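Architecture and fold: a report
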Amino acid sequence: MFSATKSTMPHPAQVPSEIVSKWQEIVDLLAEIVHVPSALIMRAEPPSIKVFISSNAKRDPWGVVSLDTGFCCETVMKTRQSLLIPDVREDERWKLCPDSNLGLISYLGVPIAWPDGEIFGTLCVCDNKRNEYSGLYIRLMLLWRDVLQADLETLAARQRAEEALQESQERFRILMQFSFGVYWETDAQHRFIRQEFADRLADAPAPGSEIGKTRWEVPYLEPDAEAWRKHRETLDAHLPFRDFELARPTSGGGKRYVSVSGLPVFDKAGRFVGYRGVGRHITERMRTDQALRQSEARFRTFVDHAIDTFMLHNQDGIVLDVNRNACESLGYSRDELIGMTPFDFDADLNTVTWQRYGDRLKAGDIVTFESRHRRKDGTVFPVEIRVREFCQDGGRRLFISLSRDITERKRAAEAFREKQVELTHASRVATMGQLTASVAHEVSQPIAATLTNAQAALRWLGSQPPNLEEVRQTLARIVNDTKRAGEVINQIRALIKKAPARKDSMDVNNTILDVIALTRSEVLRHGVSLQTDLATGLPLIKCVRVELQQVILNLILNAVEAMSCLNEGARELRISTNTDISNGVLFAVRDTGPGLDPTSEDRLFEAFYTTKPDGMGMGLSICRSIIETHGGRLWVTANEPRGAVFQFTLPPEQDEPVRAARAMVGPDPSMAPLRAETPFTVA
């Protein structure tokens, strides 16, 4: 039996009746023209080969019943070649053909194929006597075969068209299921004539319940009458429309939101026949949008009631949005501020700082700085500004700036500074009180020397003759002693005087020697041996002289007082200077007192903390504040084998503005060690 490989392209299982009738006429006419008892169209239906159409000629010995032509047709289908057998009895190859048992003597067959090449069957004629079948008959057979194959091509094209239509309908159905909630059609009077709802749609209306009604005749909750009027104007003008939103009531008393879009339909004559369109159910989107609007309203309320100024900028700095405080603080309306740049209201902004801040923002930093904003009326006020990247909007970088009016903070800081100045002055006055005996000694010495020299001058004048040279020398000594007393008094007056702070360039070693001169008597009175190790070539520093003197004086007196309670052991005080790794000045006061209490070491610089029975606890706190204000650091460590070392650093004059902005605490292990040389000694 013949077997065929199944085609990848399915073929129609049924041949339409009109084609069957046409083919019937062909085989009947073929049998009559060729003068044979039977003409057949065989069809391959694996695993069989069956008679599809047979001639109805009177001389047809096989009639119209099925006939298995056997080996002959199978050979034509397999070889896809025409086959002519004039007489099976004379051909050894066909003597045993099963068809010969039914009286088949001669055979002529040609293959019939689908457009894709798959075999449909054969067109053949059979005779019960010898037949040579002339070339004219063979050409006729091939012509009829071409007619049959043309019909098969038409069937295949129709099959492809039907399958494409089915696929298109299936794609449309899937599109409807997953993209839209309903497909609809209306007539020329805008009445629904067709509605197809997606299976997934909840709360869909009953099938057919809206057919014959217009969209506005179906119960609705939204929109309002004006929106419906505009929509009907669009429909009556036969214009396309998109995303017309309406709300239908649901069975549960809620709302079902729908977004409808449609296109007008015209017939071949151009007459309007209705609309076709789709609807998307947007209930969840509407709920989400409503929740988002509520959230945005809450956020806007929060932002508008914030005490800070909020501004949203694009990457060029242009203001995109502001809060209410921005309008109130700057005196502009929201519409006026939108479109401005910070250059329009920031009094201190320039292109250099703008570029610097921009580079930091591009690097992902949060930029915080102080500036001054200018109001619409021209007045300015100080602000603290904080800028950071806010979000990405379609590839654009957006930035949000928060500005806070710090006028009151500045006033409070100024008031605090004034109080601190007063407290620092009071601390200096209190410190000077501790030096009463030392000051009296330092002043009384040149006064006593002046008296002695004056008496000597009188004696030289009273001698005969007067010794004028001796008188001149004695008077010179009086002048020097008077100057010495005046210098001591001036130093005391400078320490006690309440004057505006002014930073001057100075040599720290000279300041140290001035303070040592004031404390000489106090050091000697307590039996303390004072040594100095002052490095040469130190950089100049820029500071308030009287404040630096106050720090050095406080540290020296604290060391002397700490050692005054020792009953045994040497009382040694060493003052040294050096440079640190940043070319700043390192100052150290090293004593051999009882040392530090580990439990209270961290609190030594706290305000109002003291280890003295009659102390106020402000001295070291003020000292640290002074040093940090000058850009330095003050800390304490233990001395070996006993005692304490108080150290501070100050930046060189050219670095002072930069270092003054820092507030650093704790020891720096990188500081250079103190030298052991002792060029200056008080014992």
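Residues numbered from 1 in each chain as written. Predicted model: local features only at pLDDT ≥ 70, side-chain atom pairs only at ≥ 80, totals over all residues. Heavy atoms only, no water.

Turning our eyes to something else, we now look at helix α14 (residues 619-629). Burial within α14 is extensive, with ten of its eleven residues counted as buried. Three or more residues of α14 are buried, namely Gly-619, Leu-620, Ser-621, Ile-622, Cys-623, Arg-624, Ser-625, Ile-626, Ile-627 and Glu-628. With its phi angle positive at about 85°, Gly-631 sits one or two positions after the end of α14. (Buried < 20%, exposed > 50% of the residue type's maximum accessible area, 1.4 Å probe, protein only. Helix = DSSP H or I, 4+ residues; strand = E, 2+ residues; numbered from the N terminus.)

Looking now at the layout of surface pockets. Gaps left between atoms are located by rolling a probe of water-molecule size over the structure's atoms. Volume-wise, the second largest pocket comes out at about 510 Å³. Counting only elements with at least two residues in the lining of the second largest pocket, the list comes to β11 (309-313), α8 (351-362), β13 (367-374), β14 (380-393) and β15 (396-405). Ranked by the residues each element gives to the lining of the second largest pocket, the list is headed by α8, at seven residues. (1 Å grid on protein atoms, 1.4 Å probe; cavity = no way out; pocket = protein on both sides within 12 Å on 5 of 7 lines; lining within 4 Å. Points joined across faces, edges and corners; volume = space filled by probe spheres on them.)

As a further point, take empty space enclosed by the protein. Following the criterion strictly, the structure yields three cavities of 30 Å³ or more and no others. Of the pockets and cavities examined, the largest cavity occupies roughly 170 Å³. The wall of the largest cavity is formed by 14 residues, among which Val-182, Gln-195, Glu-210, Arg-248 and Val-258 lie closest to the centre. The set of elements that each furnish at least two residues to the lining of the largest cavity consists of β6 (182-186), β7 (192-197), β8 (241-249) and β9 (255-266). For the lining of the largest cavity, the class distribution of residues is eight nonpolar, two polar and four charged. In this structure, the second largest cavity occupies an estimated 40 Å³ of space. (Nonpolar A, V, L, I, M, F, W, Y, C, P; charged D, E, K, R; others polar.)

Right, let's talk about the packing of helix α13 (residues 545-563) against α14 for a bit. The N-to-C vectors of α13 and α14 enclose an angle of 145°; their axes lie 10 Å apart at closest approach. Relative to α14, the crossing made by α13 is left-handed. Between α13 and α14, the contacting residues are Glu-547, Gln-550, Val-551, Asn-554, Leu-555 and Asn-558 on the first element and Gly-619, Leu-620, Ile-622, Cys-623, Ile-626 and Ile-627 on the second. The residue inventory of the contact of α13 with α14, partitioned by class, reads seven nonpolar, four polar and one charged. (Axes fitted to C-alpha atoms, helices over the stretch in contact; angles between N-to-C directions. Left-handed = near helix turned anticlockwise from the far one by under 90°. Contact = heavy atoms within 4.5 Å.)

What follows deals with the confidence of the model for the protein. Caution applies to low-pLDDT parts of the model: their predicted coordinates are not meant to be read in detail. The predicted model of the protein averages 79 in pLDDT, with 77% of residues at 70 or higher. Below pLDDT 50 for its whole length, residues 57-69 participates in 28 contacts with residues either more than four positions away or in separate chains. (pLDDT = per-residue confidence, 0-100.)

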